[in-house]
Amino acid sequence: MKLLSFLREGQPSWGGVVGQGLVDIGARHADQFPDLKSFIAAGMPADVLADLGPAEISLVEVEQAPVIPNPGKIVLAAINYWEDDSDPDKAPAFPVLFLRLPSSQIGHGAPLIEPRSSEKLDFEGELAVIIGTGGRHISADQAMDHVAGYACYNDASVRDWQKHSHQFTPGKNFVGTGAFGPWMVQADDVPIRTEGVALITRVNGVEKQRTTTDRMIFDIPYLISYISTFAPLEPGDVIVTGTCTGFGITRDPKEFLRPGDVVEVEIEGIGVLSNTVEAEA
C-alpha cells in the first residue's frame, strides 16, 4: 500500500493510492486518524486499509504534501555510500548526522526553491525511512521491526551556506529544499530487509547518481540503533539515509540547479519523486 499526505481545496488529509487515484482515508477516519502520523502511531491498523474500494479522487486534483508533514524529528546522514574507489581502511568510525526542520520540506510536484541569497543549490537523492514503532536504545537486530515504510527524499542543499562553518544546519534548512515523496510504501513491500534496491537521481532526464541501498556504509539498522541511543525515536520520525557521489558539487565542472530544472529521485519499488526548480520570489 502507498500512503501519502495531501491538500485538497486547502484542507490537509491523507490517503491510499488506488490505481491512478487515491482514497481519502483521513476524511473517513478524521476522529481517529486526522493525519498519516497518527495512523502510524496507532500501528497502522489493517482493517483501515482493507477493501478501500475504487479511487475517489484523481492524484492531479490534490497538492501532495511531504509524506509526513509534521515529523517530530528529521535526522539525516551525510554521504553514507561506498563508492567503487572507497578505501575500507578509511571508513569513518561513526556517521555524520544533522537535522532538518519540518518547515523546510515540500511534497512531490511542489517547487524546489533556489534561494535569492545563493546560486549553489544542489541535489542529493536519498532513501527516507519512516519510523513506525518508537523506542530508546533500539538494538540493531530489532531495528527493522521499528520501520513503518520508505519514501524518496531529495536533500537539496545550499552549498555555500552549508560550508559557512563545520555545522551543516544553514545550508540544509532553506525553505522549499527538502523534497519528500511521492508517498510512503509500507516496509514489507520493499525488499530492503533482504537485498538492496536501486536509487537513481536525474536532472532534466540525465542520470547524475546511481547506487543501491546495500552499499550504505552505515546501514538502516545501525542508524536506527545509533540515533535511538541519544534521542528517543517516535512514530512518524524520519531518518534520511545519505547519498552517493554524483551530486552537483562533486562533478567536474560543478553543476548547480537553476530555475526550470527538473530533479527526479527514483527508488526501485517505491516510485519517482519529481520537483521543478523555481527562483525564490
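These lines cover the structure that appears in this document, whether it is placed above or below. (Residues numbered from 1 in each chain as written. Predicted model: local features only at pLDDT ≥ 70, side-chain atom pairs only at ≥ 80, totals over all residues. Heavy atoms only, no water.)

Moving on: the overall build of the protein. Counting secondary structure elements, the protein contains five helices and 19 strands. Taking 281 residues into account, the globule formula puts the C-alpha radius of gyration at 19 Å, and the protein, at 18 Å, falls close to it. On the principal axes, the C-alpha backbone points of the protein span a range of 50 × 45 × 30 Å. Every one of the 281 residues in the protein was classed for burial, and the buried ones make up 52%. Taking as baseline every contact in the protein between residues at least 6 positions apart, the subset at least 24 positions apart corresponds to 75%. Looking at the protein, you have 21 positive and 39 negative side-chain charges, and the mean spots of the two groups are 6 Å apart. (Helix = DSSP H or I, 4+ residues; strand = E, 2+ residues; numbered from the N terminus. Rg over C-alpha atoms; globule rule 2.2 N^0.38 Å. Buried < 20%, exposed > 50% of the residue type's maximum accessible area, 1.4 Å probe, protein only. Contact = heavy atoms within 4.5 Å. Lys, Arg positive; Asp, Glu negative; His and termini not counted. Charge placed at Lys NZ, Arg CZ, Asp CG, Glu CD.)

Let's shift gears to unusual backbone geometry. In this model, Gly181 is joined to Pro182 through a cis peptide bond whose omega is -5 degrees. Examined against the element boundaries, Pro182 turns out to sit in strand E14 (residues 178-186). Omega for the peptide link from Asp252 to Pro253 comes to 0 degrees, which places this bond in the cis form. Notably, Asn204 is not glycine yet its phi reads approximately 55 degrees, a positive angle. For Asn204, the position within the fold is in the loop between strand E15 (198-203) and strand E16 (206-212).

With that settled, the discussion passes to the pairing of strand E2 (residues 11-18). Across six bridges, the pairing between strand E1 (residues 2-8) and E2 is antiparallel. By the bridge assignment for E2, Leu7 is matched with Pro12. Where E1 hands over to E2, the hairpin turn is made up of two residues, of which Glu9 adopts a positive phi near 55 degrees. Note: E2 against strand E3 (residues 21-23), three bridges, orientation antiparallel. Bridged to Val17 within E3 is Leu22. Count of turn residues in the E2/E3 antiparallel hairpin: two residues, of which Gly19 carries a positive phi of about 60 degrees. (Pairing = 2+ DSSP bridges.)

Time to look at the nonpolar core. For soluble globular proteins, nonpolar side chains are generally found buried alongside one another. Leu127, Tyr150, Ile220 and Ile224 are the most contacted members of the largest nonpolar core, which has 53 residues in total. Examining the composition of this core, we find that four residues originate from one element, helix H5 (residues 220-230), more than from any other. Residues in contact with Ile224, not counting those within four places in the same chain, are Ile131, Ile138, Ala143, Val147, Leu233 and Ile239. With 26 residues, the next largest nonpolar core counts Trp14, Leu36, Leu76 and Phe180 among its residues. (Core = buried A, V, L, I, M, F, W, Y, C linked by side-chain atoms within 4.5 Å.)

Once that is clear, we can look at the pattern of salt bridges. This structure, assessed with the given rule, holds 15 salt bridges. Here Glu61 ties to Arg8 by a salt bridge, and the two come within 3.8 Å at their closest N and O atoms. In this pair, Glu61 sits in the loop between strand E4 (57-58) and strand E5 (63-64) while Arg8 sits in strand E1, placing the two residues 53 residues apart along the sequence. The exposure class of Glu61 is partly exposed, given its relative accessible area of 46%. For Glu207, the salt bridge identified is with Arg210, shortest N-O distance 2.9 Å. Given the relative accessible area of 51%, Arg210 is considered exposed. Here the residues in one salt-bridge network are Arg100, Asp122, Glu124, Asp155, Arg159 and Lys172, joined through shared partners. (Salt bridge = Lys/Arg side-chain N within 4 Å of Asp/Glu carboxyl O.)

This part takes up the pairing of E14. Counting buried positions over the nine residues of E14 gives nine, a clear majority of the element. With two bridges joining them, E1 and E14 adopt antiparallel strand pairing. Paired with Lys2 across the two strands is Val185, which belongs to E14. Sheet topology note: the strand E8 (residues 105-106)/E14 ladder contains two bridges and is parallel. The partner of Gln105 across the bridge, within E14, is Gly178. Relative to E14, strand E12 (residues 147-155) is paired through six bridges, and the arrangement is antiparallel. Residue pairing for E14: Gly149 is matched across the bridge by Gln186.

A sheet is described by the order of its strands in space; here five strands give the open sequence E9-E19-E18-E15-E16, paired in mixed fashion. What marks the edges here is a single partner per strand, and that holds for strand E9 (112-114) and E16. In this sheet, neighbouring strand axes are inclined to one another by 20 degrees on average, regardless of whether the strands run parallel or antiparallel. Strand direction decides the pairing type here: E15 and strand E18 (residues 262-267), joined by five bridges, are antiparallel. What sits directly across from Arg202, in E18, is Glu264. (Axes fitted to C-alpha atoms, helices over the stretch in contact; angles between N-to-C directions.)

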